[in-house]
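Single-letter residue listing:
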Amino acid sequence: MRTCILSPLRIKSTLVTTTTTTYTPRLLLLPTTTTTTTTKITTHHPINFYPQARTMSSSHSKTQLKGGCTCKTVQYTLTLNSVEDARTTLCHCKSCKRAFGTNYGLTAKVALDAFSYNEGTETLKKYTQQNGVTREFCGECGVFICEYGKEAADKFRYVMWGSLDEPENIPPKGEFFCKERASWMPEINGVFHKREIKE
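Treat the numbers as computed from the prediction; the structure is a model and nothing was measured.

Engineer: Is there a simple way to think about the overall build of the chain in this case?
Structural biologist: Assigned secondary structure in the chain consists of one helix and 14 strands. Taken over 199 residues, the chain has a buried fraction of 31%. Counting only contacts in the chain whose residues sit at least 6 apart along the sequence, the fraction spanning at least 24 positions is 49%. Total accessible area computed for the chain in this model is approximately 14000 Å², and 53% of it derives from carbon and sulfur atoms.

Engineer: Got a minute to help me understand the packing of aromatic side chains in this structure?
Structural biologist: Note on aromatic pairs: each is described by the distance of the centres and the angle between the planes. Summed over the entire model, instances satisfying the criterion amount to four aromatic pairs. Arranged with centres 5.3 Å apart and planes meeting at 35°, the rings of Tyr76 and Phe115 form a pair that is tilted. A residue pair is termed long-range when its members are at least 10 positions apart, and Tyr76 in strand 5 (residues 75-80) and Phe115 in strand 8 (residues 115-119) qualify at 39 residues. The exposure classification of Tyr76 matches that of Phe115, with both residues buried. Note on Phe115 and Tyr117: the rings are 4.9 Å apart at their centroids and 80° apart in plane angle, and the pair reads as edge-to-face. Its relative accessible area of 10% is what places Phe115 among the buried residues. Through pairs of rings, three or more aromatic residues link up here, namely Tyr76, Phe115 and Tyr117. Positioned above the aromatic ring of Phe156 is the side chain of Lys109, whose terminal nitrogen or guanidinium carbon lies 4.1 Å from the ring centre. Arg157 extends its terminal NZ or CZ atom over the ring of Tyr148, reaching a point 3.7 Å from the ring centre.

Calculation criteria
- Residues numbered from 1 in each chain as written.
- Predicted model: local features only at pLDDT ≥ 70, side-chain atom pairs only at ≥ 80, totals over all residues.
- Heavy atoms only, no water.
- Helix = DSSP H or I, 4+ residues; strand = E, 2+ residues; numbered from the N terminus.
- Buried < 20%, exposed > 50% of the residue type's maximum accessible area, 1.4 Å probe, protein only.
- Contact = heavy atoms within 4.5 Å.
- Areas by Shrake-Rupley, 256 points an atom, 1.4 Å probe, with all protein chains shown as cover.
- Phe/Tyr/Trp six-rings, centres within 6.5 Å; stacked < 30°, edge-to-face > 60°.
- Lys NZ or Arg CZ within 6 Å of the ring centre and 35° of its normal.

Rendered as structure tokens:
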């Protein structure tokens, strides 16, 4: 009797050999031997010798943030891989103070291909300052939508934080031109601070 175990399928094969000897009346009364072989195969569930790879679930959906002007003529969408792709900052430079009409500018920097107008492009107005910064605004209600410098025009858009429908989704990450911050305005905690934009 022989037993053979195959791995990893664990097929157990049992070979049973039965030998039967009979005597048949013949001339010389020679014994006649008949051999019968029976094979019994027992199969078990296979054994996995390697740990199974975990299936990691990943979401390929984009994050979309909507925004627009006061009169709803101009509407836009930010399409981001994550809200972390938007960098919201305060800027205390004189140019931003003048454009925003307050003591600082507040914009969210996004890649150009993440920003798209949905409605109202025919009413958009543009103005380029002497420093090369172009600002786009609604020609109906005058709301400031976005801005970009000459060097960044084909790369980024700086979207007006307050023009977003849900701006709290992308809170500020830092402050620029802190040397020009209004004396009565406190420093924001928990964000980076740069005295100048290229510091």
